[in-house]
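# Report on the structure
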Amino acid sequence: MNKYIKQLYVASAVAVALSIPMQVSAQQAPKKKAALPPSPIQCAGHEARKTSIPGQKVGKKVTEALEFYNADNVDEAINVLKSIKADGFDQAFAHNFLARVLAGAGKYDESLKYLKRAVNSKVLNDREQVDGIKLIADLNIQDGKYRESIKWYKEWLKVTCKDDYDVYFRMANAHYQLEEWANIIEPINKAIQFAEKPNKTAFALKMTSYFNRKMYKEAIEVQEVALKAFPEDKGMWSQLGMLYMTVEDHRKALSTFEIAYGQGYITKPAELRALSQLYTMNDVPYKAATVLEKHVSAGDVPKDVKTLSSIAGSYHQALEFRKAAEYYGKAADLESDPDLYYKQGRMLYSAERPNEAIKALQKSLDEGFDKPGTVHLLIMEAHFYKGRYKQAYYHLQQAKKDKSTSRRARSWESYVKEKAKNNGVAL
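Residues numbered from 1 in each chain as written. Predicted model: local features only at pLDDT ≥ 70, side-chain atom pairs only at ≥ 80, totals over all residues. Heavy atoms only, no water.

### Focus: the nonpolar core
Counting residues in each nonpolar core, the largest one holds 50 residues, and the members touching the most others are Phe 257 and Ile 311. Dropping the residues within four chain positions of it, Phe 257 is found in contact with Ser 238, Gly 241, Met 242, Met 245, Ile 266, Glu 271, Ala 274, Leu 275 and Leu 278. Counting 49 residues, the second-largest nonpolar core is a separate cluster that includes Leu 81, Phe 89, Val 119 and Trp 156. (Core = buried A, V, L, I, M, F, W, Y, C linked by side-chain atoms within 4.5 Å. Buried < 20%, exposed > 50% of the residue type's maximum accessible area, 1.4 Å probe, protein only. Contact = heavy atoms within 4.5 Å.)

### Some remarks on helix H12 (residues 234–246)
Between its first and last C-alpha atoms H12 spans 19 Å; for 13 residues at 1.5 Å apiece the expected length is 18 Å, and the two agree. Taken residue by residue, H12 has Met 236, Trp 237, Ser 238, Leu 240, Gly 241, Leu 243, Tyr 244 and Met 245 as its buried positions. As for H12, its buried residues are in contact with helix H10 (200–212), helix H11 (216–229), helix H13 (250–262) and helix H14 (269–281). Backbone nitrogen of Gly 235 and a side-chain oxygen of the N-cap are separated by 3.1 Å at the start of H12; the cap is Asp 233. After H12 finishes, the residue Glu 248 shows a positive phi value of roughly 60°. (Helix = DSSP H or I, 4+ residues; strand = E, 2+ residues; numbered from the N terminus. Expected span 1.5 Å × (residues − 1). Polar contact = N/O pair within 3.5 Å; in protein donor to acceptor, adjacent residues only side chain to side chain.)

### Observations regarding the packing of helix H15 (residues 285–297) against helix H16 (residues 305–317)
Packing of H15 against H16 leaves a shortest axis separation of 7 Å and a crossing angle of 150°. In this view, H15 runs roughly antiparallel relative to H16, as classed from their interaxial angle. In this structure, the crossing between H15 and H16 has a hand that is left-handed. Contacts between H15 and H16 involve Pro 285, Tyr 286, Ala 288, Ala 289, Thr 290, Leu 292, Glu 293 and Val 296 from the first element and Thr 307, Leu 308, Ser 310, Ile 311, Ser 314, Tyr 315 and Gln 317 from the second. Counted by class, the contact of H15 with H16 contains 9 nonpolar, 5 polar and 1 charged residues. (Axes fitted to C-alpha atoms, helices over the stretch in contact; angles between N-to-C directions. Parallel < 35°, antiparallel > 145°, perpendicular 65-115°, else oblique. Left-handed = near helix turned anticlockwise from the far one by under 90°. Nonpolar A, V, L, I, M, F, W, Y, C, P; charged D, E, K, R; others polar.)

### Details of the side chain of Asp 233
By the element assignment, Asp 233 lies in the loop between H11 and H12. Within the local environment of Asp 233, its side chain forms a polar contact with the side chain of Lys 200, the two groups lying 3.0 Å apart.

### Considering the packing of helix H18 (residues 338–350) against helix H20 (residues 372–385)
Relative orientation of the contacting elements H18 and H20 amounts to 25°, with a least axis distance of 11 Å. As the angle between them shows, H18 and H20 are arranged roughly parallel. Relative to H20, the crossing made by H18 is left-handed. Within the contact between the two elements, H18 uses Tyr 342, Arg 346 and Tyr 349 and H20 uses Thr 374, Val 375, Leu 378, Glu 381, Ala 382 and Tyr 385. Per-class residue counts for the contact of H18 with H20 are 6 nonpolar, 1 polar and 2 charged.

### Thoughts on the pattern of salt bridges
Evaluation of the coordinates by the stated rule reveals 20 salt bridges. Between Lys 134 and Asp 138 there is a salt bridge; the shortest N-O distance is 3.3 Å. Note that Lys 134 and Asp 138 are positioned in helix H6 (residues 126–142) at a spacing of 4 residues, about one turn of the helix. Summarising the burial analysis for this pair, Lys 134 and Asp 138 share the class buried. The shortest N-O distance in the salt bridge between Glu 326 and Lys 330 comes to 3.1 Å. Taken together, the residues span about one helical turn, with Glu 326 and Lys 330 both in helix H17 (residues 321–335) at a distance of 4 residues. Look at Glu 326 and you get partly exposed, because its relative accessible area is 33%. Lys 330 gets classed as partly exposed once you look at its relative accessible area, which sits at 37%. (Salt bridge = Lys/Arg side-chain N within 4 Å of Asp/Glu carboxyl O.)

Here it is, written out as structure tokens:
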């Protein structure tokens, strides 16, 4: 149990115990008719019962236990409370107090045993009865007994006829822990309705319920409402964008990411990659390249093969061949990747830089590109258009050896020979 909850239980125990000496004194003094305190039960037709107090014998025992408790002798306080033997309200009162001290000491199973005895006796005062039911539910959820906790939270709602945010939220969370996704909706809707102010986690639970059932449209609607309540929440912007991507609404996804990016909310590598991807999906490849390039340069996104290849691919799509070649080359150098060297060579050839293209293409061959005939044909063309017919003819012969390119190579052969002859080049 976390420190806060433990302190809460201890404070509750102390508050009960401190009232005992006054109650005992009140028994010895002349009785006066006192006004009943406000009842925690608001159900129609319920009348608050007259507040009962324990007898003098039990009161003294509880006071003795409190003295041990205040002296940090919790075990002795527990022993004193366990020694109380009484009937009716007195026994229920002692068990209720004992349960709270045990809870504060972290002895949850034992605490539940005594607390259930007190509550099930149905003789506690309204306040103690209601608080006891709630504590049973809280202890169960704390101990991972989620189904049992739901039962007791429902009992609390039935007894009090109240709408309480915390109870509804805890019920929804218990269903979440049980992975009962559909059952989350009713209590979480109530929690959202009766919250004093919007709660992020409540919206997250509701969205998760729909998302895990693949009800993406409903999940998006929840996220849109949540974002209106928390417009400065960075995570919600990217989550909504991702949800739009899930339903392939790439236009809304890009719009959401662009707004968030403009506000400085898109900062994580995965988010920046998603933004770049969305530009590509919406036929804006140049922005897809430049936004990723910018954040790679700034160190916000790792300079790995995947990222550099993505930048290269976007520049290629934007017909920026020189930039595409630059990034294919950077990606290829990281892992000596023959495929990427080939792509670099193609881009350099398209950019009319044949000499550089030949170097990249040769690297592709050196690293074992699995379609060598294709590379030799491209190198052949680069040499041919630069008037280097002998080199072109050599690579043409290499291309003929590859079954996948031999036919195309033969179609070039007579043309290369003719050009070489016309220019006085012996092959």
